[in-house]
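Tertiary structure, described
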Number of protein chains: 4
Amino acid sequence: MTGNTFGKIFTLTSFGESHGTVIGVVIDGCLPNMLVDLELIKNDLNRRRPGQSNITTSRGEPDEFEIISGVFEGKTLGTPIAVLVKNKDQKPEDYSELKDLYRPSHADFTYQEKYGHRDYRGGGRQSARETIARVIAGAFAKMILSQIDIQIKAYVSQVYDIKLDIPYTQLDLDQTEKSIIRCPEPKTAALMIAAIEKAKAEGDSLGGVITCICNGVPIGLGEPVFDKLHADLGKAMLSINAVKGFDFGSGFASVLKKGSEHNDRFIQKGAKMGTETNHSGGIQGGISNGEDIYFNVAFKPVATLQIEQDTLNESQQPVKFKATGRHDSCVVPRAVPIVEAMTAIVLADHYLRSLVYKK
Amino acid sequence: MTGNTFGKIFTLTSFGESHGTVIGVVIDGCLPNMLVDLELIKNDLNRRRPGQSNITTSRGEPDEFEIISGVFEGKTLGTPIAVLVKNKDQKPEDYSELKDLYRPSHADFTYQEKYGHRDYRGGGRQSARETIARVIAGAFAKMILSQIDIQIKAYVSQVYDIKLDIPYTQLDLDQTEKSIIRCPEPKTAALMIAAIEKAKAEGDSLGGVITCICNGVPIGLGEPVFDKLHADLGKAMLSINAVKGFDFGSGFASVLKKGSEHNDRFIQKGAKMGTETNHSGGIQGGISNGEDIYFNVAFKPVATLQIEQDTLNESQQPVKFKATGRHDSCVVPRAVPIVEAMTAIVLADHYLRSLVYKK
Amino acid sequence: MTGNTFGKIFTLTSFGESHGTVIGVVIDGCLPNMLVDLELIKNDLNRRRPGQSNITTSRGEPDEFEIISGVFEGKTLGTPIAVLVKNKDQKPEDYSELKDLYRPSHADFTYQEKYGHRDYRGGGRQSARETIARVIAGAFAKMILSQIDIQIKAYVSQVYDIKLDIPYTQLDLDQTEKSIIRCPEPKTAALMIAAIEKAKAEGDSLGGVITCICNGVPIGLGEPVFDKLHADLGKAMLSINAVKGFDFGSGFASVLKKGSEHNDRFIQKGAKMGTETNHSGGIQGGISNGEDIYFNVAFKPVATLQIEQDTLNESQQPVKFKATGRHDSCVVPRAVPIVEAMTAIVLADHYLRSLVYKK
Amino acid sequence: MTGNTFGKIFTLTSFGESHGTVIGVVIDGCLPNMLVDLELIKNDLNRRRPGQSNITTSRGEPDEFEIISGVFEGKTLGTPIAVLVKNKDQKPEDYSELKDLYRPSHADFTYQEKYGHRDYRGGGRQSARETIARVIAGAFAKMILSQIDIQIKAYVSQVYDIKLDIPYTQLDLDQTEKSIIRCPEPKTAALMIAAIEKAKAEGDSLGGVITCICNGVPIGLGEPVFDKLHADLGKAMLSINAVKGFDFGSGFASVLKKGSEHNDRFIQKGAKMGTETNHSGGIQGGISNGEDIYFNVAFKPVATLQIEQDTLNESQQPVKFKATGRHDSCVVPRAVPIVEAMTAIVLADHYLRSLVYKK
């Protein structure tokens with residue numbers, strides 16, 4: 001009811017405040033007897049963590065995780081899996097200046113109005129540090145999906161006005177992790193990095209777009225009429241901090257096509273049926289059709305700037321504010337594993353849901 | 001679990017197949033002792049119904065509704081409200097030709113794979129006729145919202161390549177219903193209608209964009225971290241047939257702004273706090289901040305064409321298909337009340353959720 | 001949230017007021033492609049219906065049901081199944097005398113306090129007529145269970161002070177339906193009937209106990225720690241009108257045994273493991289162990305009497321009240337199919353839940 | 001779906017295995033800005049803990065709790081509250097003898113069949129150590145209930161054949177905690193203690209009954225038709241380890257009363273309405289009526305004995321088994337705070353649910 005739990009069969013419950021003791025997650029509904037891939041969890045946490053390159057924040061905590069339940073002798077028990085990551089690098093004094101002002105385009109004001117108090121320590125639950133819980137749960141979801149060979153690959157397709165205009169089918173997505181910006185095309189990646197470095201030097205911030213590709217998704221995932229697969233993916237993406245938009249398949253661009261241009265024709269692909277084009281983005285009527293699922297996620301420029309801004313404090317008095325902490329100038333490279341994690345969680349949940357009605 | 005129920009406190013459960021006996025809905029969690037506005041339900045159903053103008057399908061059923069529980073002496077009882085709309089204009093023979101082929105970009109294939117059978121009668125639950133349930137539930141949601149003066153106004157902002165490029169703040173939204181295309185600006189509306197008429201004459205179809213504005217939303221609706229208000233709005237919109245994308249506030253366009261341009265500065269608005277600009281779209285950190293909420297919903301061109309198309313049948317043999325039934329060339333004018341209804345349902349649900357923790 | 005839906009995967013949503021238009025139910029999560037056994041539904045409704053014998057109320061409506069969605073060509077579609085039973089025998093004038101008084105031990109007072117109004121027409125949703133929805137949903141649940149040969153048989157084991165003291169294992173449960181009191185042992189049945197007839201003549205009412213036996217339940221149904229199989233059965237039974245208690249296996253009587261007498265010893269039963277005794281009632285640690293599940297459900301004497309009683313009206317003034325409508329003197333014979341239905345619903349739900357994690 | 005979460009608005013998610021690292025709980029939906037009563041949590045954990053007297057197991061861990069999220073500066077934030085208790089006294093070797101046998105009337109067999117593996121370390125999630133999570137969540141629930149002056153008092157009313165036959169209204173419930181058996185009547189308490197000591201000396205075990213009284217419950221808690229207040233209380237109690245039965249108000253004994261004896265007559269109690277008798281147990285039609293709520297919970301004799309028993313191992317070979325660990329001969333004194341905790345959780349959840357529809 002309070003929005004801290006996601007999923008229907010494979011569920012995660014996220015807890016912990018940004019500058020409290022821990023960020024934690026309870027993952028429930030995971031398959032029992034599954035080998036736990038600790039390297040995968042570690043690797044995804046590292047891909048998310050601050051300080052991984054010179055274009056991300058320098059807040060350098062290592063994000064070591066501890067599994068405190070649900071795993072025994074290296075395997076899942078089928079009981080709830082709780083995982084903790086300690087908040088080692090707490091410096092509450094960094095935030096004392098924020099104690100009674102409202103940062104522009106932050107959630108300080110709405111949280112205070114909703115809950116009747118301030119957790120001024122770095123934003124509490126509004127902080128993107130909460131996404132650690134998602135990345136960990138996403139790793140367990142990926143372990144389930146790897147059993148049926150579903151692969152999820154996300155990459156940065158736009159930063160500010162620099163757009164990678166090559167369709168994903170013509171990209172080598174294995175190059176994504178070789179670039180600190182997580183764009184698989186080196187020339188575009190270089191331009192993106194330069195743009196971020198410029199913004200950083202100016203104390204400003206940039207937004208971007210992440211594109212995500214899922215292949216190997218079996219036919220039949222997604223539940224009409226409200227839990228359409230793309231509706232649940234959309235909600236998952238929109239729940240990530242700083243996300244402003246989601247579209248899948250032909251997306252917003254579909255509007256510029258006529259029906260006769262947009263329809264995906266059924267053809268034989270070997271022994272199986274498939275579609276010649278894939279404007280549907282692998283989903284028809286809310287149910288996966290066996291083609292690649294692909295979608296875009298738009299991130300706004302982060303609100304925290306190293307530039308002095310005008311705002312109000314709790315007494316509605318004008319004050320100046322300039323962030324002194326360590327912050328990203330552009331979140332999209334670090335958001336790639338978060339997008340993948342939320343995607344994996346939605347697909348794992350719908351996969352487990354589909355098992356009930358398996359023919 | 002099967003996706004036929006939406007909402008957490010204010011919930012609707014949709015049932016009925018397109019060419020079965022009825023489309024029905026059970027609305028639960030509505031406030032008791034509320035006067036039921038029958039005219040509102042009737043009006044919204046009429047705005048959704050086919051045959052309302054010469055740019056929509058000519059399928060002419062009247063969509064008369066019957067409330068069969070939950071209302072007594074004109075008021076809600078607090079018990080579940082069940083409402084039925086009979087499917088009067090059933091002509092199953094219209095669909096016999098579809099019995100064993102897969103219409104391109106339709107859900108015939110995915111439904112058959114998922115459920116192991118075909119309900120070939122006009123698409124069963126994949127048909128947009130299901131949205132009757134949403135419009136009825138939306139009317140009850142609007143009755144709740146009218147108690148706290150929330151207003152929801154949607155309009156068509158794009159059809160194919162004709163885009164209304166005026167911000168909503170400079171439009172007279174009371175003009176929307178005066179145009180059969182539901183675009184509040186008469187010149188753009190005329191161009192949109194001409195484009196649809198041309199596509200109709202060609203047997204083709206067009207997509208479009210609906211923009212929705214909510215004003216009067218109190219501060220504090222939305223539940224971090226997964227049930228952010230815009231995440232639930234996004235899911236609601238993406239669950240509507242033919243929707244391919246959703247963005248709110250500055251949306252995808254936010255990527256082209258720097259943080260220093262994009263941040264909304266807090267200012268005093270009379271005795272209250274507000275923001276000078278509203279790139280946030282009325283939502284910060286997933287919680288409404290008292291400014292207008294606005295968002296865009298992209299609809300693909302409908303898949304059913306009056307043009308002959310190649311496809312496959314159940315034996316994977318190539319067949320030709322040309323729709324002979326009555327179909328819209330562009331769904332957006334009829335989708336306006338559906339977008340409003342789903343918006344009202346999300347806001348009513350979050351409003352009731354907020355009452356638990358009301359200070 | 002408002003308690004009108006039961007179950008997690010196999011769910012029913014009940015709607016309709018006692019003297020409104022209909023009693024209805026939406027059954028969701030049922031398996032697709034299942035043959036619908038109309039005779040089973042009809043038979044269970046007849047076993048529940050008033051006027052079936054001279055020891056039940058003479059209210060004689062036939063309870064004809066209509067399936068309005070989810071079934072096509074005799075099979076379940078996998079979409080929500082909505083079923084209606086019209087309230088033909090409405091005589092609202094019968095209830096005018098109740099309009100402003102509170103019947104003793106009825107829910108008139110608590111409903112009015114909770115909802116802020118009176119639906120005086122026969123009690124609205126507090127009426128046992130609501131259980132029609134359960135019996136219909138139970139019939140669909142039984143269709144699922146019959147696929148895996150689970151059988152559920154309930155019978156009356158006590159009326160007032162007449163108790164059937166023979167263990168179920170020594171009874172011929174096929175005799176149950178041959179007696180209007182639904183007690184499988186003829187001599188006890190005759191005593192029970194005589195007691196009810198005496199109470200009826202006096203305008204008084206009697207309570208009783210129903211015992212329910214489930215055999216063929218596979219090992220592994222039930223979810224620790226909160227959704228233990230017996231906990232969900234208990235909730236299901238306690239949600240039936242007039243139920244005051246539930247115990248399973250050795251139940252309350254277990255307290256009078258020492259551990260050494262009570263423990264069920266594991267033994268080989270052919271190729272399988274089983275237990276020598278079954279004090280556990282077929283459930284250990286909340287999970288079915290393959291032995292028979294059995295439990296007792298206590299029903300209080302019904303509150304409506306043909307004897308004049310003192311009570312208060314809405315102005316807190318003393319008034320006299322004597323029921324003039326048609327009411328049962330003892331509900332247990334008609335409650336037998338309701339107990340079976342709720343049992344089937346719990347078992348079907350847990351069976352479907354178990355399919356997710358099936359080895 | 002996997003049964004580790006309880007409640008709809010006030011929810012707890014329990015995690016941790018008996019001999020793993022921790023027992024933990026996430027409490028969500030708690031009111032924000034509530035002072036956290038650490039002494040209450042500590043006291044209730046001490047009332048539950050083993051080794052508190054010579055009639056309970058001597059396993060002596062202190063059960064120190066740590067709140068790791070959701071509380072800041074002594075108050076609840078409105079975010080999820082996670083609390084851990086470390087399992088300090090792990091001695092896995094104690095359990096090595098159990099590794100491949102099935103203890104009689106334990107859940108070793110059903111867990112292994114359900115999950116496909118053994119967590120032989122003291123029973124994993126089937127262990128009563130899991131109830132630590134409930135006691136902690138119950139303490140937070142009590143903090144909410146104390147705001148509206150609801151009081152919950154449970155006591156032991158029967159051990160084996162020693163029954164306290166005095167109605168609760170004639171007992172001084174403040175005496176309960178003065179006795180190690182938690183029976184408020186000293187003479188009966190002495191007999192109960194003697195019986196347990198005798199059973200302990202014999203290596204045997206005894207069951208018992210706990211009676212629970214709630215006063216100050218406002219009118220209107222409970223949701224018809226499935227979430228009746230007593231149905232949710234019943235489920236909560238039946239989910240506690242070793243519970244075999246639940247009845248409320250007149251309970252099973254109601255069967256021996258005629259309707260004319262059993263009905264509760266409405267009378268004026270000062271300015272308010274009430275009932276002269278309270279056979280209804282404070283609940284009518286599933287909704288609290290303002291009178292005391294009272295109910296009984298039956299616990300079987302614990303299955304672990306210090307007597308040699310015959311059983312089977314995983315190869316279905318006969319083996320002898322005699323427990324050597326530290327175990328209670330009778331769980332009821334330690335179960336008193338668990339019954340209270342689960343009661344508080346149900347009442348707090350229904351109280352928060354009622355706030356949505358508050359007039």
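Okay, so let's go over this structure. (Residues numbered from 1 in each chain as written. Chains lettered and ligands numbered in written order. Predicted model: local features only at pLDDT ≥ 70, side-chain atom pairs only at ≥ 80, totals over all residues. Heavy atoms only, no water.)

**Some details on the overall build of chain A**
Secondary structure assignment for chain A yields seven helices and 18 strands. Dimensions of chain A, computed from C-alpha atoms along their principal axes, come out at roughly 65 × 50 × 35 Å. The buried share of chain A, taken over its 359 residues, is 69%. Nonlocal contacts in chain A, meaning residues at least 24 apart in sequence, comprise 69% of its contacts between residues at least 6 apart. Total accessible area computed for chain A in this model is approximately 11,500 Å², and 49% of it derives from carbon and sulfur atoms. Looking at chain A, you have 42 positive and 44 negative side-chain charges, and the mean spots of the two groups are 1 Å apart. (Helix = DSSP H or I, 4+ residues; strand = E, 2+ residues; numbered from the N terminus. Buried < 20%, exposed > 50% of the residue type's maximum accessible area, 1.4 Å probe, protein only. Contact = heavy atoms within 4.5 Å. Areas by Shrake-Rupley, 256 points an atom, 1.4 Å probe, with all protein chains shown as cover. Lys, Arg positive; Asp, Glu negative; His and termini not counted. Charge placed at Lys NZ, Arg CZ, Asp CG, Glu CD.)

**Some remarks on the relation of the copies chain C and chain D**
By a simple turn and slide, chain C fits onto chain D: the slide is 0.0 Å along the axis, the RMSD is 0.0 Å, and the turn is 180°. With respect to symmetry, the two chain copies, as superposed, fit the operation of a two-fold axis. Mapped onto chain D, 99% of the interface residues of chain C are again interface residues, and the two copies thus contact each other with one and the same surface. (Least-squares fit on C-alpha atoms with pLDDT ≥ 70 in both.)

**With respect to the interface of chain C and chain D**
In this complex, chain C contributes 109 residues to the contact, which on the side of chain D involves 108 residues. Roughly 8,800 Å² of surface becomes buried between chain C and chain D when both sides are summed, with 60% attributable to carbon and sulfur atoms. For the chain C face of the interface with chain D, the top three residues by lost area are Met1(C), Phe226(C) and Lys244(C), together amounting to 10%. Between chain C and chain D we count ten salt bridges in total. Lys235(D) serves as the salt-bridge partner of Asp232(C), at 2.7 Å between the closest nitrogen and oxygen. Between chain C and chain D we count 48 residue pairs in polar contact (both at pLDDT 80 or more) in total. (Buried area = accessible area lost by both parts, 1.4 Å probe. Salt bridge = Lys/Arg side-chain N within 4 Å of Asp/Glu carboxyl O. Polar contact = N/O pair within 3.5 Å; in protein donor to acceptor, adjacent residues only side chain to side chain.)

**Some remarks on the sheet that holds strand β2 (residues 11-15) of chain B**
All names here are of chain B. Ordered in space as β1-β2-β3-β7-β4, the five strands form an open sheet in which the pairing is antiparallel. The strands lining the two open edges of the sheet, one partner per strand, are β1 (5-6) and β4 (65-67). Direction of pairing for strand β3 (residues 22-28) relative to strand β7 (residues 81-86): antiparallel, over a ladder of six bridges. Residue Gly 24 lies in a different strand from β7, and its bridge partner there is Leu 84. (Pairing = 2+ DSSP bridges.)

**A word on the relation of the copies chain A and chain C**
After a rotation of 180° and a shift along the axis of 0.0 Å, chain A superposes on chain C with an RMSD of 0.0 Å. Most of the interface of chain A is mirrored in chain C, where 100% of its interface residues again form contacts.

**A short note on the packing of aromatic side chains**
With the rule as written, the count across this model stands at 34 aromatic pairs over all chains. A centroid spacing of 6.5 Å and a plane angle of 20° characterise the contact between Phe246(A) and Phe248(A), whose relative ring orientation is stacked. The burial state of Phe246(A) is the same as that of Phe248(A); both residues are buried. Put simply, the rings of Tyr102(A), Phe109(A) and Phe266(B) touch in pairs and so form one group of aromatic residues. Its end group placed over the ring of Phe248(C), Lys244(D) keeps NZ or CZ at 4.2 Å from the ring centre. (Phe/Tyr/Trp six-rings, centres within 6.5 Å; stacked < 30°, edge-to-face > 60°. Lys NZ or Arg CZ within 6 Å of the ring centre and 35° of its normal.)

**Focus on the interface of chain A and chain C**
In this assembly, ten residues from chain A lie in contact with ten residues from chain C. Buried surface at the junction of chain A and chain C, both sides included, amounts to about 750 Å², of which 72% is carbon and sulfur. Summed over the shared surface of chain A and chain C, the number is zero salt bridges. Tallied by class, residues from the side of chain A that touches chain C come to nine nonpolar, one polar and no charged. (Nonpolar A, V, L, I, M, F, W, Y, C, P; charged D, E, K, R; others polar.)

**A word on helix α1 (residues 38-48) of chain D**
Residue and element names in this part refer to chain D. The set of residues buried in α1 consists of Ile 41, Asp 44, Leu 45, Arg 47 and Arg 48. Seen along its axis, α1 keeps its buried residues to an arc of 160°; they face one direction. The inward-facing, buried residues of α1 contact β4 (65-69), α3 (131-146) and α7 (332-356). The distance from a side-chain oxygen at the start of α1 to the backbone nitrogen of Glu 39 is 3.2 Å, and the residue carrying that oxygen is Asp 37. (Arc of directions from axis to C-beta.)

**Quick notes on the side chain of Thr188(A)**
In this structure, Thr188(A) sits in helix α4 (residues 186-201). Among the residues examined, Thr188(A) registers a relative accessible area of 10% and is labelled buried.

**As for the environment of Gly7(A)**
All names here are of chain A. Assignment of secondary structure puts Gly 7 in the loop between β1 (5-6) and β2 (11-15). According to the relative accessible area criterion, Gly 7 is partly exposed, its value standing at 32%. In sequence terms Gly 7 and Asp 172 are 165 residues apart; their C-alpha atoms lie 32 Å from each other.

**A closer look at helix α3 (residues 131-146) of chain C**
Along its 16 residues, α3(C) runs 22 Å from first to last C-alpha, staying within 8% of the 22 Å computed at 1.5 Å per residue. The buried count for α3(C) comes to 15 of 16 residues, which makes it a mostly enclosed element. (Expected span 1.5 Å × (residues − 1).)

**Comments concerning unusual backbone geometry**
Residues and elements named next belong to chain A. Here the residue pair Pro 224 and Val 225 is connected by a cis peptide bond, since its omega of 5° sits within 30 degrees of zero. Among the secondary structure elements, Val 225 is positioned in the loop between β10 (208-215) and α5 (229-238). Phi is positive for Gln 316, close to 60°, though the residue is something other than glycine. One can find Gln 316 in the loop between β17 (309-312) and β18 (318-321).

**Focus: the state of the cysteines**
Each disulfide consists of a covalent bond between the sulfur atoms of two cysteine residues. Residue and element names in this part refer to chain B. One pass over the structure, following the stated rule, counts zero disulfides over all chains. The thiol sulfur of Cys 183 is not disulfide-bonded, and the nearest other cysteine sulfur, from Cys 330, lies at 12 Å. Residue class for Cys 183 comes out buried when judged on its relative accessible area of 1%. (Disulfide = S-S within 2.5 Å.)

**Here's the deal with the environment of Gly281(A)**
Its place among the elements puts Gly281(A) in the loop between β13 (272-275) and β14 (283-284). Note: C-alpha distance between Gly281(A) and Val225(A) (56 residues apart in sequence) is 18 Å. Setting aside its immediate chain neighbours within four residues, Gly281(A) contacts Gly249(A), Asp292(A), Ile293(A), Tyr294(A) and Lys244(B).

**Topic: the pairing of β18(A)**
All names here are of chain A. Two strands pair when backbone bridges link them, and β17 and β18 are joined in this way by four bridges, in the antiparallel orientation. Its bridge partner being in β18, Gln 309 is matched across the sheet by Phe 321. Taken together, β17 and the strand that follows it, β18, pair antiparallel across an intervening segment of five residues, in which Gln 316 is found at a positive phi of about 60°.

**Focus on the pattern of salt bridges**
Within this structure, the stated rule accounts for 106 salt bridges over all chains. A salt bridge links Arg47(C) to Asp44(C); the shortest N-O distance between them is 3.0 Å. Here Arg47(C) and its partner Asp44(C) are both found in helix α1 (residues 38-48), three residues apart, which amounts to about one turn of the helix. Using a relative accessible area of 2% as the deciding quantity, one classes Asp44(C) as buried. With a shortest N-O distance of 2.8 Å, Asp44(D) and Lys142(D) are connected by a salt bridge. One end of the pair, Asp44(D), is in helix α1; the other, Lys142(D), is in helix α3, with 98 residues separating them in the sequence. In terms of burial, Asp44(D) and Lys142(D) fall into one category: buried. Here the salt bridges share partners, and the residues they tie into one network are Lys8(A), Asp227(A), Asp232(A), Asp349(A), Arg353(A) and Lys235(B).

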